[in-house]
There are 2 protein chains.
Amino acid sequence: MAPVIRPEGEGLSRSYVRPCLLLLLAEGPSHGYELLEQVRQAGVRNADAGGLYRTLRAMEQAGWVSSWWEPSQAGPARRSYMLSDEGRQALVESLEAMREVHRMLGAMLDRYDVVAPAEVSPASVASR
Amino acid sequence: MAPVIRPEGEGLSRSYVRPCLLLLLAEGPSHGYELLEQVRQAGVRNADAGGLYRTLRAMEQAGWVSSWWEPSQAGPARRSYMLSDEGRQALVESLEAMREVHRMLGAMLDRYDVVAPAEVSPASVASR
DNA sequence: CCCGATTAGATGTAGCCTACATATACCAGG
DNA sequence: CCTGGTATATGTAGGCTACATCTAATCGGG
């Protein structure tokens, strides 16, 4: 019943899958499997393949991307995705939110420095 | 079935409630109601009171904080919380994760600048 | 003195989502 | 033929979010 307390997993949480997909697709069209690897590389470790495909379809439902089947010489056909104008708008808004989170996280990290015990030598301050 | 696509709400997501509580309690003991306001002020807009109290109890279960009742001159009694040594350790780990997220977000934001259309005048670049 | 507002904490719950398992299909190499 | 990598998709248990509701004490105002 009570929320489980666990150490925050490595990397970005999966709530960043959506903004990340928008950003990656802004760099050019791509397909799910490749996006999965890029999303992982961008920081969402262990991004879930099933969830990613579902997210892409939901983004299509929302009108943020359009998709089409594309045959592949080596391997099964791929569904490629392209960012729409609405998607680009969603990306801009998403980035605004990310900037806000970035700023707030910075504020929290700075705030910790005030109460942080000096764990190493004072020289560590200079080396930052 | 498919994940709902919605504009990311304002401020930090509620997954930051836990790290934020650790940080706030590192500054000194406090009670739920006050922590709620501080958590909101720190960026988690509309933090849920019910969830916050449950989180605090879960953190106590995990041994990160200890609590005791404290009578109040004005208003009902409060349950005050104090960070334990384990909690301080959890904070250090949590901050490490937050630094990572901060860094990765920065990388994503920088990455956007490469593909971003120049929306205003080139002077806007200089003013950054 | 009673009432509503505020402070303070806690519980109940619908349904969204995460996380993991599973299914399908194509191709290449041994 | 069988295994492993590529590629997409569905199924589902249970955790968690988000919102509603409840208790209870104090204070200001009428």
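Reading the values: the criteria
- Residues numbered from 1 in each chain as written.
- Chains lettered and ligands numbered in written order.
- Predicted model: local features only at pLDDT ≥ 70, side-chain atom pairs only at ≥ 80, totals over all residues.
- Heavy atoms only, no water.
- Helix = DSSP H or I, 4+ residues; strand = E, 2+ residues; numbered from the N terminus.
- Buried < 20%, exposed > 50% of the residue type's maximum accessible area, 1.4 Å probe, protein only.
- Contact = heavy atoms within 4.5 Å.
- Pairing = 2+ DSSP bridges.
- Least-squares fit on C-alpha atoms with pLDDT ≥ 70 in both.
- Salt bridge = Lys/Arg side-chain N within 4 Å of Asp/Glu carboxyl O.
- Polar contact = N/O pair within 3.5 Å; in protein donor to acceptor, adjacent residues only side chain to side chain.
- Nonpolar A, V, L, I, M, F, W, Y, C, P; charged D, E, K, R; others polar.
- Near = heavy atom within 4 Å.

**Examining the overall build of chain A**
Helix and strand counts for chain A stand at 5 helices and 3 strands. Classification of the 128 residues of chain A by burial places 41% in the buried group. A fraction of 47% describes how many contacts in chain A between residues 6 or more apart in sequence connect residues 24 or more apart.

**Thoughts on the environment of Ala-49 of chain A**
Positionally, Ala-49 of chain A belongs in helix 3 (residues 49-61). Counting along the chain gives 14 residues from Ala-49 of chain A to Leu-35 of chain A, while the straight-line C-alpha distance between them is 9.8 Å.

**Notes on the pairing of strand 3 (residues 78-83) of chain B**
Looking along a regular strand, one sees side chains alternate from face to face of the sheet. Residue and element names in this part refer to chain B. Strand direction decides the pairing type here: strand 1 (residues 30-31) and strand 3, joined by 2 bridges, are antiparallel. Opposite Ser-30, over in strand 3, you have Tyr-81 as the bridge partner. The pairing of strand 2 (residues 65-70) with strand 3 spans 6 bridges and is antiparallel. Of the residues in strand 3, the one forming a bridge with Ser-67 is Tyr-81.

**Quick look at the relation of the copies chain A and chain B**
Each copy of the sequence occupies a distinct position, and chain A is placed on chain B by a rotation of 180° and an axial shift of 0.0 Å, giving an RMSD of 0.1 Å. Viewed as a symmetry operation, the transformation between the two copies matches a two-fold axis. Across chain A, the smallest distance between a C-alpha and the rotation axis is recorded for His-102 of chain A, namely 2.9 Å. With an isologous cut-off of 70% or more, the 100% of interface residues of chain A that recur at the interface of chain B puts this contact in the isologous class.

**Section: the environment of Pro-19 of chain B**
Of note, Pro-19 of chain B is situated in helix 1 (residues 17-26). When the C-alpha atoms of Pro-19 of chain B and Ser-94 of chain B are compared, they prove to be 6.0 Å apart, with 75 residues separating the residues in sequence.

**A few points about the interface of chain A and chain B**
Contact with chain A, which involves 43 residues of that partner, is made by 44 residues of chain B. Run the count over chain A and chain B and you get 2 salt bridges. For the pair chain A and chain B, the number of links is 6 residue pairs in polar contact (both at pLDDT 80 or more). Contributing elements (two or more residues each) for the side of chain A that touches chain B: helix 1 (17-26), helix 3 and helix 4 (85-115) of chain A. The element best represented in the side of chain A that touches chain B is helix 4 of chain A, accounting for 18 residues. Tallied by class, residues from the side of chain A that touches chain B come to 28 nonpolar, 6 polar and 9 charged.

**Some points on the protein's contact with DNA strand D**
Residue and element names in this part refer to chain A. Residues in close proximity to DNA strand D total 23 residues, the closest being Val-4, Tyr-33, Arg-54, Arg-78 and Arg-79. Backbone atoms, meaning sugar and phosphate, form 64% of the atoms of DNA strand D found within 4 Å of the protein. Between Arg-78 and DNA strand D, the recorded distance is 2.4 Å, taken from a side-chain N or O atom to a phosphate oxygen. Broken down by element, the surface near DNA strand D gets its largest block of residues, 4 residues, from helix 3. The residue inventory of the surface near DNA strand D, partitioned by class, reads 10 nonpolar, 5 polar and 8 charged.

**A closer look at the protein's contact with DNA strand C**
Residues in close proximity to DNA strand C total 20 residues, the closest being Arg-14 of chain A together with Tyr-33, Arg-54, Arg-78 and Arg-79 of chain B. In the interface set of DNA strand C, defined as its atoms within 4 Å of the protein, sugar plus phosphate atoms amount to 59%. The separation between a base nitrogen of DNA strand C and a polar side-chain atom of Asp-48 of chain A is 3.3 Å. Take Arg-79 of chain B: an N or O atom from its main chain is 2.7 Å from a phosphate oxygen of DNA strand C.

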